Amino acid sequence: ILSMQCHAGRWFVSASGSNGFAGNIPGSPFLSLPFATNIAQNYDTVFIMGSVSSTEIAYLKVHTSVMAYDTTAKIICPTNTGGCALAYYSATIINGSASVISGLEFDGQNIAYGAIMSTRVGGMTIKDNVMYNFKSVGIHLYNPATTAPACTGTTIYNNTVTNCARYLNTGSYGNIWAMGQKNLMVRKNTVTASFISGDSAGFAFKASHLENAKIDS
């Protein structure tokens, strides 16, 4: 029996692309990141080519990855959508996610809500990204039901998170924010929460209801 991962698709997004293109080769990329993530299935990977502007939340299936195609891969977020640029969502706890977010630059332009959010999804890997100037949060692992099973096994590694918790509600958000997580690993990240006049810097790292977490950032 062949694994689903053997049939994983590759999708490409570029500012020079079109949503009318095939999207499955670098020479024929999609234009819209949310369009690409809507088409991408579990175990597929969406590759970002150069700088891409995204004005909507890009929802991902729980095993879908987003990675840099080259060293210039960047997601620019010029509007506040009320959610993060990349978002995983499940109504119930799903662990063992095969998703990876890697090698990307996120620019919130001091307007957008956040870069990455995972709701009730455990086991994903977020590594080697740079994100800055978001209003609420850089990376948010969200599991609101504290009595439910925890999201398990997510890794946040070697990310640079700068000025990503700037809401006016003093201290209510975190550049990295984890809730209801088990076996969480947060390692070798660089987080800077600089104070800007008129804003709150928020927390560099905020957490609640963690079990067996390893944090050494």
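See the structure printed just above.
Residues numbered from 1 in each chain as written. Predicted model: local features only at pLDDT ≥ 70, side-chain atom pairs only at ≥ 80, totals over all residues. Heavy atoms only, no water.

### With respect to the overall build of the protein
For step 1, the next point in the chain: Check the secondary structure of the protein and you find one helix and 21 strands.
For step 2, the next point in the chain: Out of the 217 residues in the protein, the part that is buried amounts to 48%.
For step 3, the next point in the chain: Here the analysis covers contacts within the protein between residues at least 6 apart in sequence; of these, 68% occur between residues at least 24 apart.
For step 4, the next point in the chain: Carbon together with sulfur atoms contributes 54% to the accessible area of the protein, which is approximately 9,500 Å² in total. (Helix = DSSP H or I, 4+ residues; strand = E, 2+ residues; numbered from the N terminus. Buried < 20%, exposed > 50% of the residue type's maximum accessible area, 1.4 Å probe, protein only. Contact = heavy atoms within 4.5 Å. Areas by Shrake-Rupley, 256 points an atom, 1.4 Å probe, with all protein chains shown as cover.)

### Let's talk about the nonpolar core
For step 1, the next point in the chain: Grouped together as the largest cluster of nonpolar side chains are 39 residues, with contacts concentrated most on Val46, Ile48, Ile75, Leu86, Leu104, Phe106 and Met131.
For step 2, the next point in the chain: Broken down by secondary-structure element, the contributors of at least two residues to this core are strand S1 (10-14), helix H1 (33-39), strand S2 (45-49), strand S4 (58-60), strand S7 (84-94), strand S10 (114-121), strand S13 (137-142) and strand S17 (174-182).
For step 3, the next point in the chain: Look past the residues within four positions of Val46 in its chain and what remains in contact with it is Trp11, Val13, Leu33, Ala36, Thr37, Ala40, Ser65, Val66 and Met67.
For step 4, the next point in the chain: Counting residues in hydrophobic clusters, the runner-up holds eight residues, among them Cys84, Tyr113, Val137 and Ala165. (Core = buried A, V, L, I, M, F, W, Y, C linked by side-chain atoms within 4.5 Å.)

### Here's the deal with the pattern of salt bridges
For step 1, the next point in the chain: Going through the model one piece at a time under the given rule, you end up with two salt bridges.
For step 2, the next point in the chain: Among the ionic pairs, Lys74 bridges to Glu105, the shortest N-O distance being 3.7 Å. Residue Lys74 is located in strand S6 (residues 74-76), and its partner Glu105 is located in strand S9 (residues 105-107); the two are separated by 31 residues in the primary sequence.
For step 3, the next point in the chain: Overall, Glu105 belongs to the partly exposed group, its relative accessible area being 25%.
For step 4, the next point in the chain: A salt bridge links Arg187 to Asp216; its shortest N-O distance comes to 3.0 Å. Of the two residues, Arg187 sits in strand S18 (residues 185-187) while Asp216 sits in the segment after strand S21 (214-215), which places them 29 residues apart along the sequence.
For step 5, the next point in the chain: Take Arg187: its relative accessible area is 30%, and that puts it in the partly exposed class.
For step 6, the next point in the chain: Take Asp216: its relative accessible area is 43%, and that puts it in the partly exposed class. (Salt bridge = Lys/Arg side-chain N within 4 Å of Asp/Glu carboxyl O.)

### Considering the packing of aromatic side chains
Any two aromatic rings considered together are summarised by their centre-to-centre distance and by the angle between their planes.
For step 1, the next point in the chain: Tallying each qualifying case throughout the model produces five aromatic pairs.
For step 2, the next point in the chain: Seen in terms of ring centroids, Phe12 and Phe47 are 5.4 Å apart; in terms of plane orientation they differ by 20°. Their pairing is stacked. A residue pair is termed long-range when its members are at least 10 positions apart, and Phe12 in strand S1 and Phe47 in strand S2 qualify at 35 residues. Accessibility assignment for this pair places Phe12 and Phe47 in one class, buried.
For step 3, the next point in the chain: Here the aromatic rings of Phe47 and Tyr69 are separated by 6.5 Å at their centres, their planes lie at 80°, and the arrangement is edge-to-face. A residue pair is termed long-range when its members are at least 10 positions apart, and Phe47 in strand S2 and Tyr69 in the loop between strand S5 (65-68) and S6 qualify at 22 residues.
For step 4, the next point in the chain: With relative accessibility at 11%, the residue Phe47 sits in the buried group.
For step 5, the next point in the chain: A relative accessible area of 38% means that Tyr69 is categorised as partly exposed.
For step 6, the next point in the chain: One aromatic cluster is present, built from ring pairs that chain together Trp11, Phe30 and Phe35. (Phe/Tyr/Trp six-rings, centres within 6.5 Å; stacked < 30°, edge-to-face > 60°.)

### Comments concerning the pairing of S10
For step 1, the next point in the chain: Of all eight residues in S10, eight are buried, a share of seventy percent or more.
For step 2, the next point in the chain: Examined bridge by bridge, S7 and S10 share six bridges and lie parallel to one another. The partner of Tyr88 across the bridge, within S10, is Ser118.
For step 3, the next point in the chain: Here five bridges tie S10 to S13, and the two strands are oriented parallel to one another. Within S13, the residue paired with Gly114 across the bridge is Val137. (Pairing = 2+ DSSP bridges.)

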